[in-house]
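Understanding the architecture of this molecule
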Amino acid sequence: MIVPFADWLDETQGVTFRMVGNDFSKAVRYKDSGELVEPAKIWELLTGFFDNEMHRQHPILGAVGSINTLAEQADVVVLTNLSDKHNEARRRQLADHGINVRVFTNQGPKGPALKAIIDEYQPSRAVFIDDLAQHHGSVAELVPHVDRLHLCGEPVLAPHITCGFEAGHAHARIDTWEHALPWLLTRLHGENA
């Protein structure tokens, strides 16, 4: 969502988005002054984007085919850090791109939400995929038996975020679906990668 969010900010909000370090809040600045956008305003902008601009988002390379390959062999669900009011819009957006899965919305750390999903589905094996290290830490703490893949397929963001694998929270860091799919299939079939 970073590239379409940044494009929308630049085109309509008088704001730029440029990741320099790994702090999202320092990437959002007013175009005219270069001043940081206040945290409350960043949340307002994010809500505005998800309320009206989700159509700008497109799957990263290989995501649709890989997710559908996984869905042939496992239950696939999406756990997204959007507000509950965006759940149906996210589900429709994914379906429009050919991904027909159940969507769970969540705010904050993903460990508690994933634990609830695991409790509901009772899978023999589970793999959690996310692009942010802090969510892997939360999952590792609450459902440590779940395999965890840190996958950040957005090249603008990937070099700037903390690596969940290096932090010890993820079992691997792979940033392309081409390379992630074989790893995931191996994990789902009970083999360690």
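Whatever comes next refers back to the structure up there.
The sections below set out a description of the structure shown in this document. (Residues numbered from 1 in each chain as written. Predicted model: local features only at pLDDT ≥ 70, side-chain atom pairs only at ≥ 80, totals over all residues. Heavy atoms only, no water.)

**Structural notes on helix H4 (residues 87-96)**
Inclusion rule: Burial classification: accessible surface area is computed with a 1.4 Å probe over protein chains only, and a residue below 20% of its type maximum counts as buried, one above 50% as exposed, and the rest as partly exposed. Secondary structure counts use DSSP, requiring at least four H or I residues in a row for a helix and at least two E residues in a row for a strand, with both numbered from the N terminus. What the arc describes is the spread of directions from the helix axis to the C-beta atoms. In this description, contact between two residues means that some pair of their heavy atoms is separated by no more than 4.5 Å.
Among all positions of H4, only Arg90, Gln93 and Leu94 are buried. The arc enclosing the buried residues of H4, seen along the axis, measures out at 95°, which places them on a common side. Structurally, H4 contributes buried residues whose contacts are with helix H2 (39-52), strand E3 (77-80) and strand E4 (102-105). Backbone geometry just after H4 places Gly98 at a positive phi near 95°.

**Points about the nonpolar core**
Heads up, the rule is: For the purposes of this section, nonpolar cores are sets of buried Ala, Val, Leu, Ile, Met, Phe, Trp, Tyr and Cys residues that join through side-chain atoms within 4.5 Å.
Counting residues in hydrophobic clusters, the biggest one holds 22 residues, and the most contacted among them are Phe5, Leu9, Phe17 and Leu45. Among residues more than four places away in sequence, those in contact with Phe5 are Phe17, Phe24, Leu45, Leu46 and Phe49.

**Overview of the packing of helix H1 (residues 2-13) against H2**
Heads up, the condition is: Orientation is described by axes fitted as lines to C-alpha atoms, over the contacting stretch for helices, and by angles from 0 to 180 degrees between their N-to-C directions. In this scheme, roughly parallel covers angles under 35 degrees and roughly antiparallel covers those over 145, while 65 to 115 is roughly perpendicular and the rest are oblique. Residues are grouped as follows: Ala, Val, Leu, Ile, Met, Phe, Trp, Tyr, Cys and Pro are nonpolar; Asp, Glu, Lys and Arg are charged; all remaining types, including Gly, are polar.
At a closest axis distance of 11 Å, the pairing of H1 and H2 adopts a crossing angle of 105°. What the angle tells us is that H1 and H2 run roughly perpendicular. Seen from H1, the contacting residues are Pro4, Phe5, Trp8, Leu9 and Gln13; seen from H2, they are Leu45, Leu46, Gly48 and Phe49. Looking at side-chain class alone, the contact of H1 with H2 contains seven nonpolar, two polar and no charged residues.

**Remarks on the side chain of His136**
Tracing the sequence through the fold places His136 in helix H6 (residues 133-142). Those residues in contact with His136 that lie beyond four places of it in its chain are Phe128, Ile129, Asp130, Arg148, Leu149, His150, His169 and Ala170.

**Here's the deal with the sheet that holds strand E6 (residues 147-150)**
Convention followed: Two strands qualify as a pair provided DSSP detects at least 2 bridges between them.
As summarised here, the arrangement of the three strands in space is E5-E6-E7, forming an open sheet in which the pairing is parallel. Every other strand in the sheet has two partners, leaving strand E5 (127-130) and strand E7 (172-173) as the edge strands with one partner each. Summarising the sheet, E5 and E6 pair through four bridges and their orientation is parallel. Each residue of the ladder has a partner; that of Ile129, found in E6, is Leu149.

**What about the packing of aromatic side chains?**
Spelled out, the test is: Two rings from Phe, Tyr or Trp (for Trp, the six-membered ring) form a pair when their centres sit within 6.5 Å of each other. Planes less than 30 degrees apart are called stacked, planes more than 60 degrees apart edge-to-face, and all others tilted.
For the structure shown, the criterion picks out seven aromatic pairs. Geometrically, the ring pair formed by Phe5 and Phe17 is edge-to-face, given 6.1 Å between the ring centres and 70° between the ring planes. Here Phe5, found in helix H1, pairs with Phe17, found in strand E1 (residues 15-17); they are twelve residues apart in sequence, far enough to count as distant. The exposure class of Phe5 is buried, given its relative accessible area of 1%. Given a relative accessible area of 9%, Phe17 falls into the buried group. Arranged with centres 5.8 Å apart and planes meeting at 55°, the rings of Trp8 and Phe49 form a pair that is tilted. One end of the pair, Trp8, is in helix H1; the other, Phe49, is in helix H2, and 41 residues separate them in sequence. Of the two residues, Trp8 and Phe49, neither departs from the other in class, the shared state being buried.

**Regarding the pattern of salt bridges**
What counts, and what does not: By salt bridge we mean one thing: a side-chain nitrogen of Lys or Arg within 4 Å of a carboxyl oxygen of Asp or Glu.
Under the criterion given, the structure shown has twelve salt bridges. Residue Asp10 is joined to Lys31 by a salt bridge in which the shortest nitrogen-to-oxygen separation is 2.9 Å. Of this pair, Asp10 sits in helix H1 while Lys31 sits in the loop between strand E2 (28-30) and H2, and the two are 21 residues apart along the sequence. In this structure, the salt-bridge partner of Glu88 is Arg92, at a minimum N-O distance of 3.7 Å. Residue Glu88 and its partner Arg92 are located together in helix H4, separated by four residues, close to a single helical turn.

**Focus on helix H3 (residues 63-71)**
Every α-helical turn comprises 3.6 residues, leaving residues that sit three or four positions apart pointing alike. Listing the buried residues of H3 in full gives Ala63, Ser66, Ile67 and Leu70. Here the buried residues of H3 occupy an arc of 95° about the axis, which is enough to place them on one side. Those residues of H3 hidden inside the fold are in contact with helix H7 (177-188).

Everything listed here is a matter of geometry and, on its own, says nothing about what the molecule does.
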